[in-house]
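Residues per chain are reported as follows:
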Amino acid sequence: MAKAAVAEAGPDAPATTRALFLDRVAWAHTRAGEAQPALRALGEAHAALDTTDGPPAPTWAYWVNREELEVMDARVFTELRRPLRAVPLLQDVLGRYDATHAREVALYRSWLAVALADANEPEQAAEEARRVIDTSGDLSSERTAKRTRTVLHRLKGHEEVPEAREVLADYGHLLLT
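Here is what the cut-offs are and how they apply
- Residues numbered from 1 in each chain as written.
- Predicted model: local features only at pLDDT ≥ 70, side-chain atom pairs only at ≥ 80, totals over all residues.
- Heavy atoms only, no water.
- Helix = DSSP H or I, 4+ residues; strand = E, 2+ residues; numbered from the N terminus.
- Phe/Tyr/Trp six-rings, centres within 6.5 Å; stacked < 30°, edge-to-face > 60°.
- Buried < 20%, exposed > 50% of the residue type's maximum accessible area, 1.4 Å probe, protein only.
- Lys NZ or Arg CZ within 6 Å of the ring centre and 35° of its normal.
- Contact = heavy atoms within 4.5 Å.
- Salt bridge = Lys/Arg side-chain N within 4 Å of Asp/Glu carboxyl O.
- Core = buried A, V, L, I, M, F, W, Y, C linked by side-chain atoms within 4.5 Å.

### Structural notes on unusual backbone geometry
And step 1. Positive phi, close to 60°, is recorded for Arg81, a residue that is not glycine.
And step 2. In this structure, Arg81 sits in the loop between α4 (66-79) and α5 (83-96).
And step 3. The backbone phi angle of Asn120 is positive, close to 60°, even though this residue is not glycine.
And step 4. On the secondary structure map, Asn120 appears in the loop between α6 (102-118) and α7 (122-136).

### Some remarks on the packing of aromatic side chains
And step 1. Per the stated rule, a full pass over the model turns up 3 aromatic pairs.
And step 2. Centroid distance Phe21 to Trp60: 6.4 Å. Interplanar angle 25°. Geometry classified as stacked. With Phe21 in helix α2 (residues 15-31) and Trp60 in the loop between α3 (35-50) and α4, this residue pair connects regions lying 39 residues apart in the sequence.
And step 3. Residue classification places Trp60 among the partly exposed positions, given a relative accessible area of 44%.
And step 4. Between Tyr97 and Tyr108, the aromatic rings sit 5.2 Å apart at their centres with planes inclined by 80°, giving edge-to-face as the arrangement. Pair noted here: Tyr97 is in the loop between α5 and α6 and Tyr108 is in helix α6, with a separation of 11 residues, a long-range link. For the pair Tyr97 and Tyr108, one class covers both residues: buried.
And step 5. The residue whose ring lies beneath Arg75 is Trp27, and the NZ or CZ to ring-centre distance is 4.2 Å.

### Brief notes about the side chain of Asp73
And step 1. Note on placement: Asp73 falls in helix α4.
And step 2. Among residues more than four places away in sequence, those in contact with Asp73 are Leu42, His46 and Leu89.

### A word on the pattern of salt bridges
And step 1. Summed over all chains, the structure comprises 14 salt bridges.
And step 2. Among the salt bridges present, the one from Arg66 reaches Asp50, with a minimum N-O distance of 2.2 Å. In this pair, Arg66 sits in helix α4 while Asp50 sits in helix α3, placing the two residues 16 residues apart along the sequence.
And step 3. The exposure class assigned to Asp50 is partly exposed, which follows from its relative accessible area of 49%.
And step 4. Taking the shortest distance from any N to any O, the salt bridge between Glu128 and Arg109 comes out at 2.8 Å. Highlighted residues: Glu128 in helix α7 and Arg109 in helix α6, separated in sequence by 19 residues.

### Topic: the environment of Ala115
And step 1. Mapping Ala115 onto the fold places it in helix α6.
And step 2. As a C-alpha pair, Ala115 and Ala74 span 41 residues in sequence and 8.9 Å in three-dimensional space.
And step 3. Sequence-distant contacts of Ala115, defined by excluding residues within four places in its chain, comprise Thr78, Pro83, Ala86 and Val87.

### Details of the nonpolar core
And step 1. Ranked by internal contacts, the top residues of the largest apolar core, which has 53 residues, are Val76, Tyr108, Leu155 and Val167.
And step 2. If you tally residues by element for this core, the top one is α6, at 10 residues.
And step 3. Residues in contact with Tyr108, not counting those within four places in the same chain, are Glu68, Val71, Leu90, Leu94 and Tyr97.

Here it is as structure tokens:
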């Protein structure tokens, strides 16, 4: 479906539209475990966003910008278990992201926590896990709840580390929901 959207939009589609659709192609490849096609699609998404000619962006694509595309890149890198690429991107984006967008911050921190766990940085992963849980605690978002469970599952691989064990002791009950 993502490839069909790119084809249907065509080369003359607004840059943000093409970038978003190409990012969705990258995500589809990522979920299928196809690293090289996913990375190529990310490159194409960035190239599309860099295009300055063409029609204006549709109003529904207001949120598609370089920062959001970097978050999407980091999600792909995290899922492909390439934390050395994901961690710096997420740290950079989170460093300049508007903290009033609690849901997005919680989601982005969840990807950072997983990438840190994959990079064998369980102490930092545990710290980020706490931030995810603290940030998302007041949100009624199934997506943040699911990401919290994903982070906690990933921390289980580091239970021998006191910080990870402590987070799991404090919040392991969330795995049961």
